[in-house]
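Listed below are the residues making up each chain.
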Amino acid sequence: MSDVTRLSVFKTYKLYVGGKFPRSESGRVYEVSDSKGKWLANAPLSSRKDARDAVVAARKAFGGWAGATAYNRGQILYRVAEMLEGRRDQFVREVADAEGLSKSKAAVVVDAAIDRWVWYAGWTDKIAQVVGGANPVAGPYFNLSTPEPTGVVTVVAPQDSSFLGLVSVIAPVIATGNTAVVIASEKCPLPALSLGEVLATSDLPGGVVNILSGKASEMGPHLAAHQDVNAIDLTGATEGDLARDLEIAAADNLKRVLRPRTEDFAESPGTDRMTAFLETKTVWHPTGSLGASGSSY
């Protein structure tokens, strides 16, 4: 048997929508190559229908995810990091192929991405203390401001940072209780599609993250105009006037929009990406009075 030449078993990459792994409903695929033009795999070419299905899944998952305790969300995100660590070698290989890096440099990128995921996992039960609080008012009232998730967020992932950039845009969206519809990098989608396999086995409820591969210029306009999408991150919308066109489409239902900016994803991210998709709810409550003396609490 040792003299028999094995045929390679190539991986079939699929979308990740609603906790399942469908092929594109259109049946279309496109070739993904490495930095030297060597064929790596065929990726699903998502359609408008796939994008609509992803929004439906994200909306269905939103109530349960937003209603979970911040501590529980942190536990689940940390579990994702554990699973990523267990599949580190696979991601090193895929990032090296996608971005034309040596294995050692790709390993540094993957380690940074896993650490970034842990970092956001730690923020789930702390962001409310940073951006919320009790407000001093001149009157017999409590006045409390608390952050709440915006809702369903479309994320156009970075085109060149296939894994570290991807994690840097997905993790803050879901850490704060939002759900996400992600358009992966068109030229480097494989790490994103493999991330879907990790999410499916790491306690994250189906629909919280939905990953589509294909053309942002094809899916983006439909998602930007979709009435059940509440916000859009345009980080990867760098093709021509795409970011401008998507921002205009997003204005129809007053979506929150995070425009592209020059970023080094290796640097400390700060809290900007978490607060970009949070709403602030302020509650007034009378303090009342106790007893005839009129003392209040």
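Just above, that's the structure.
Rules and cut-offs
Residue positions are given per chain, counted from 1 along the sequence in the order it is written. Note on the predicted model: pLDDT of at least 70 is required for a residue's local features to be given, and 80 or more for side-chain atom pairs to be given and counted; whole-chain, interface and lining totals, by contrast, use all residues. Excluding hydrogens and water, the side-chain figures rest on all heavy atoms present in the structure. Counting from the N terminus, the helices are the DSSP runs of H or I reaching at least four residues and the strands are the DSSP runs of E reaching at least two. In this setup the radius of gyration rests on C-alpha atoms only. A globule is expected at 2.2 Å times the number of residues raised to 0.38. Buried, partly exposed and exposed residues are distinguished by accessible area as a fraction of the type maximum, computed with a 1.4 Å probe on protein chains only: under 20%, between the cut-offs, and over 50%, respectively. A 1.4 Å probe and the Shrake-Rupley method give the accessible areas. Residues count as covered only by the protein chains that appear here. Definition of nonpolar core: a set of buried residues of the types Ala, Val, Leu, Ile, Met, Phe, Trp, Tyr and Cys, connected through side-chain atoms within 4.5 Å. Contacts were defined at the residue level, with two residues in contact if any of their heavy atoms lie within 4.5 Å. A pair of strands is treated as paired once DSSP finds two or more bridges between them. Interaxial angles span 0 to 180 degrees and are taken between N-to-C directions of axes, which are lines fitted to C-alpha atoms, for helices over the stretch in contact. Under this scheme an angle from 65 to 115 degrees is roughly perpendicular, one under 35 degrees roughly parallel, and one over 145 degrees roughly antiparallel; angles in between are oblique. Crossing handedness is defined as follows: a turn of the near helix away from the far one that is anticlockwise and smaller than a right angle gives a left-handed crossing, while the clockwise case is right-handed. Stacked, edge-to-face and tilted are the three classes for Phe, Tyr and Trp ring pairs, Trp counted by its six-membered ring, which pair at centre distances within 6.5 Å; planes under 30 degrees apart are stacked, over 60 edge-to-face, the rest tilted.

K.L.:
What should I look at first to understand the overall build of the protein chain in this one?
P.N.:
Along its length, the protein chain carries 10 helices and 12 strands. Computed over C-alpha atoms, the radius of gyration of the protein chain comes to 21 Å, within 12% of the 19 Å expected from 2.2 N^0.38 for 297 residues, which places it in the range of a compact globule. The dimensions of the protein chain, computed from C-alpha atoms along their principal axes, are 95 × 40 × 35 Å. Within the protein chain, the proportion of its 297 residues that are buried is 46%. Here the protein chain has roughly 14,300 Å² of accessible surface; of this, 53% comes from carbon and sulfur atoms.

K.L.:
Would you mind showing me how to read the nonpolar core here?
P.N.:
The nonpolar side chains of a soluble globular protein tend to be buried with one another. Counting residues in each nonpolar core, the largest one holds 63 residues, and the members touching the most others are Trp-117, Ile-174, Val-182, Leu-199, Val-209 and Ile-211. No other element matches helix H4 (residues 103-123), which puts 10 residues into this core. Apart from residues no more than four positions distant in its own chain, Ile-174 is found in contact with Trp-65, Arg-73, Leu-77, Trp-117, Ala-180, Leu-204, Val-208 and Val-209. Core analysis: the next-biggest nonpolar cluster, separate from the first, contains 24 residues, Ile-232, Leu-234, Ala-237 and Ala-243 among them.

K.L.:
I would appreciate a short explanation of unusual backbone geometry in the present structure.
P.N.:
Keep in mind that most residues, glycine aside, have a negative phi and that most peptide bonds are trans. The backbone of Asp-203 sits at a positive phi, close to 75 degrees, despite the residue not being glycine. Counting through the fold element by element, Asp-203 comes out in the loop between helix H7 (190-200) and strand S7 (209-212). Positive phi, close to 55 degrees, is recorded for Leu-254, a residue that is not glycine. Within the element layout of this structure, Leu-254 appears in the loop between helix H9 (242-250) and strand S9 (256-258).

K.L.:
What should I look at first to understand the sheet that holds strand S3 (residues 133-134) in this one?
P.N.:
Adjacent strands of a sheet form backbone hydrogen bonds with each other and so pair up, either parallel or antiparallel. The sheet built from three strands is open, its strands ordered S3-S4-S10 with antiparallel pairing. Every other strand in the sheet has two partners, leaving S3 and strand S10 (278-286) as the edge strands with one partner each. Pairing between strand S4 (residues 141-149) and S10: nine bridges, direction antiparallel. Note on S10: the bridge partner recorded for Asn-143 is Trp-284.

K.L.:
Hey, could you run me through the sheet that holds S7 in this one?
P.N.:
Taken in spatial order, the five strands of this open sheet run S7-S6-S5-S8-S9, and their pairing is parallel. Edge positions in the open sheet fall to S7 and S9, since each of these has one partner strand only. Ignoring strand direction, the axes of neighbouring strands in this sheet form an average angle of 15 degrees. Bridge count for strand S5 (residues 152-156) against strand S8 (residues 231-233) is three bridges, and the pairing is parallel. Within the sheet, the bridge partner assigned to Thr-154 lies in S8 and is Ile-232. Contacts between helix H8 (residues 216-225) and the sheet are confined to S5, strand S6 (179-183), S7 and S8, with S6 contributing the most and set at about 150 degrees to the helix.

K.L.:
In this structure, what is going on with the packing of helix H2 (residues 70-86) against H7? I would like to understand it.
P.N.:
Angle between the axes and distance between the axes are the two parameters that describe a pair of packed helices. The contact between H2 and H7 brings their axes to 9 Å, and the two run at 125 degrees. By the criterion of interaxial angle, the relationship of H2 to H7 is oblique. Where H2 crosses over H7, the handedness of that crossing is right-handed. Judged by residue contacts, Val-80, Met-83 and Leu-84 of H2 engage Leu-195, Val-198 and Leu-199 from H7.

K.L.:
Looking at this model, I keep getting lost on the packing of aromatic side chains. Mind explaining?
P.N.:
Each aromatic ring pair is described using two quantities: the centre-to-centre distance and the angle formed by the ring planes. By the definition in use, this model includes six aromatic pairs. When the centroid spacing of 4.6 Å and the interplanar angle of 15 degrees are considered together, the rings of Phe-91 and Phe-163 count as stacked. Taken as a pair, Phe-91 in helix H3 (residues 88-99) and Phe-163 in the loop between S5 and helix H6 (164-175) lie far apart in primary sequence, 72 residues in all. A single burial state applies to Phe-91 and to Phe-163, both of which are buried. Geometrically, the ring pair formed by Tyr-141 and Trp-284 is edge-to-face, given 5.7 Å between the ring centres and 80 degrees between the ring planes. One end of the pair, Tyr-141, is in strand S4; the other, Trp-284, is in strand S10, with 143 residues separating them in the sequence. Of the residues examined, Trp-284 reaches a relative accessible area of 52% and is grouped as exposed. What links up through ring pairs into an aromatic cluster is the set Trp-119, Tyr-120 and Trp-123.

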